[in-house]
Amino acid sequence: MQGIIERKDVTAIPVMTHPGIEIIGDTVLKAVSDGDTHYKAIMALAEKYPTAAATSIMDLTVEAEAFGAKISFPENEVPAVIGHLLNTPEDIDRLQVPSLKAGRVPQYLKANLLAARTITDRPVLGGCIGPFSLAGRLYDMSEIMVLIYQDPEAAHKLLAKCTEYILRYCKALKETGINGVVMAEPAAGLMSDEDCRRFSSDYVKQIVDSVQDDYFTVVLHNCGNTGHCTGAMVATGSGAYHFGNKCDMAEVIRDVPPTALALGNLDPVSVFKSATPEEMREATRSLLERMREYPNFVLSSGCDTPPHTPFANIDTFFETLKEFNG
């Protein structure tokens, strides 16, 4: 990270694994269910593109499934939580924190272990969900927003259980030998900066303080942030921050410490997936020009690039970066 800040050229870490699944000719369903397939997709992308780090699949259902939530698994789309597991504060009281052997967690640990062992020319970043986003998937997103005002004590109880599990998972990911984790906390962007601190950042900070060191970094991703809760994000003390396309990258980076990385923020759908290569080139070049004065900027997608993103656009993304760096 210090090397990225000190070097003159800009590096890129787009959050993408789905193109890797397509390179190896497999399905999303297989990749999110089988650690070997997941690893092969990560490896395929690392071999094809000069990313500054390799990333795993951003799957926001893994931890919810371990708690007992029902998940739908389309063959070639990302999994989704069906309904919600919890309905009342009493359900929260009864909720048990699961083991790391529940659901697909062992397969995700396997994928990260294999990637850490074989991808040695760049850092490998695993993935996990953030505490508030997990709580929303277990309690229902609309209901958790009501709960934090009507019964904040119950909300904090649920967040404590979510945090305990995510911390355990992050420690297990760290033990695989990977170099960091992209923590996806998009639901925190639904709250004000003050509430984001109370119901997300305070819990994220517990995880950061426990696992982050010179060899392992937390990259906090919040694509729900429109710029209104960057302060709350930075209060976590994470080593890097990943921003979605809803915010102005040149504005939010001013709130990020110069010693931390700021990653973002080309639209994964309207630019990466749906734009023409020429539009991709223009959008990438424009962002690079606007961010020229910030040495801690890392070029990225605003979120996980979706399945069926055209390779012509990904190629153009990296070509434009190469041209910009000269």
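Residues numbered from 1 in each chain as written. Predicted model: local features only at pLDDT ≥ 70, side-chain atom pairs only at ≥ 80, totals over all residues. Heavy atoms only, no water.

Digging into the overall build of the protein
- Scanning the protein from N- to C-terminus turns up 16 helices and 9 strands.
- Here the protein has a C-alpha radius of gyration of 19 Å; the compact-globule value for 326 residues is 20 Å, and the two agree.
- The principal-axis extents of the C-alpha atoms in the protein amount to approximately 60 × 40 × 35 Å.
- As presented, the protein carries roughly 13,100 Å² of accessible surface, and 50% of it is formed by carbon and sulfur atoms.
- The average position of the 29 basic charges and that of the 43 acidic charges among the side chains of the protein differ by 4 Å. (Helix = DSSP H or I, 4+ residues; strand = E, 2+ residues; numbered from the N terminus. Rg over C-alpha atoms; globule rule 2.2 N^0.38 Å. Areas by Shrake-Rupley, 256 points an atom, 1.4 Å probe, with all protein chains shown as cover. Lys, Arg positive; Asp, Glu negative; His and termini not counted. Charge placed at Lys NZ, Arg CZ, Asp CG, Glu CD.)

Quick notes on the sheet that holds strand β4 (residues 124-129)
- The strand order across the open sheet formed by 7 strands is β1-β4-β5-β6-β7-β8-β9, and the pairing between neighbours is parallel. One side of each edge strand has no neighbouring strand; the edge strands of this open sheet are β1 (54-55) and β9 (297-301).
- Looking at chain direction, strand β7 (residues 240-243) and strand β8 (residues 261-266) are connected through 3 bridges and run parallel. Residue Ala 240 lies in a different strand from β8, and its bridge partner there is Leu 261.
- Taken strand by strand, helix α8 (residues 131-139) contacts β4 and β5 (180-184), and its axis lies near 45° from that of β4. (Pairing = 2+ DSSP bridges. Contact = heavy atoms within 4.5 Å. Axes fitted to C-alpha atoms, helices over the stretch in contact; angles between N-to-C directions.)

Digging into the pairing of β4
- Counting buried positions along β4 gives 6 out of 6 residues, so the element sits mostly inside the fold.
- Of the two faces of β4, the one lined by Val 124, Gly 126 and Cys 128 and the one lined by Leu 125, Gly 127 and Ile 129 are each fully buried.
- In this sheet, β4 lies alongside β1 in parallel orientation, the contact comprising 2 bridges. Bridging across to β4, Ala 54 finds its partner in Val 124.
- The pairing of β4 with β5 spans 5 bridges and is parallel. Paired with Leu 125 across the bridge in β5 is Gly 180. (Buried < 20%, exposed > 50% of the residue type's maximum accessible area, 1.4 Å probe, protein only.)

Focus: the pattern of salt bridges
- Evaluation of the coordinates by the stated rule reveals 19 salt bridges.
- Asp 93 is paired through a salt bridge with Lys 157; the nearest N and O atoms lie 2.9 Å apart. With Asp 93 in helix α6 (residues 89-94) and Lys 157 in helix α10 (residues 152-175), this residue pair connects regions lying 64 residues apart in the sequence.
- Since its relative accessible area comes to 44%, Asp 93 is described here as partly exposed.
- It is possible to trace a salt-bridge network through shared partners that takes in Glu 278, Arg 281, Glu 319 and Glu 323. (Salt bridge = Lys/Arg side-chain N within 4 Å of Asp/Glu carboxyl O.)

Focus on the environment of Leu 100
- Relative to the helices and strands, Leu 100 is located in the loop between α6 and α7 (105-118).
- Taking the C-alpha atoms as reference points, Leu 100 and Thr 230, 130 residues apart in sequence, are found 31 Å from one another.
- If we skip the residues at most four places from it in the chain, Leu 100 touches Val 105, Pro 106, Tyr 165, Arg 168, Tyr 169 and Ala 172.

Concerning the side chain of Asp 304
- With respect to the helices, strands and loops of the structure, Asp 304 is situated in the loop between β9 and α16 (311-325).
- Buried charge without a partner: Asp 304 forms no salt bridge, and the closest opposite charge is Arg 137, 11 Å away.
- Those residues in contact with Asp 304 that lie beyond four places of it in its chain are Val 15, Met 16, Thr 17, His 18, Met 58 and Pro 268.

So yeah, pure geometry; function would need other evidence.
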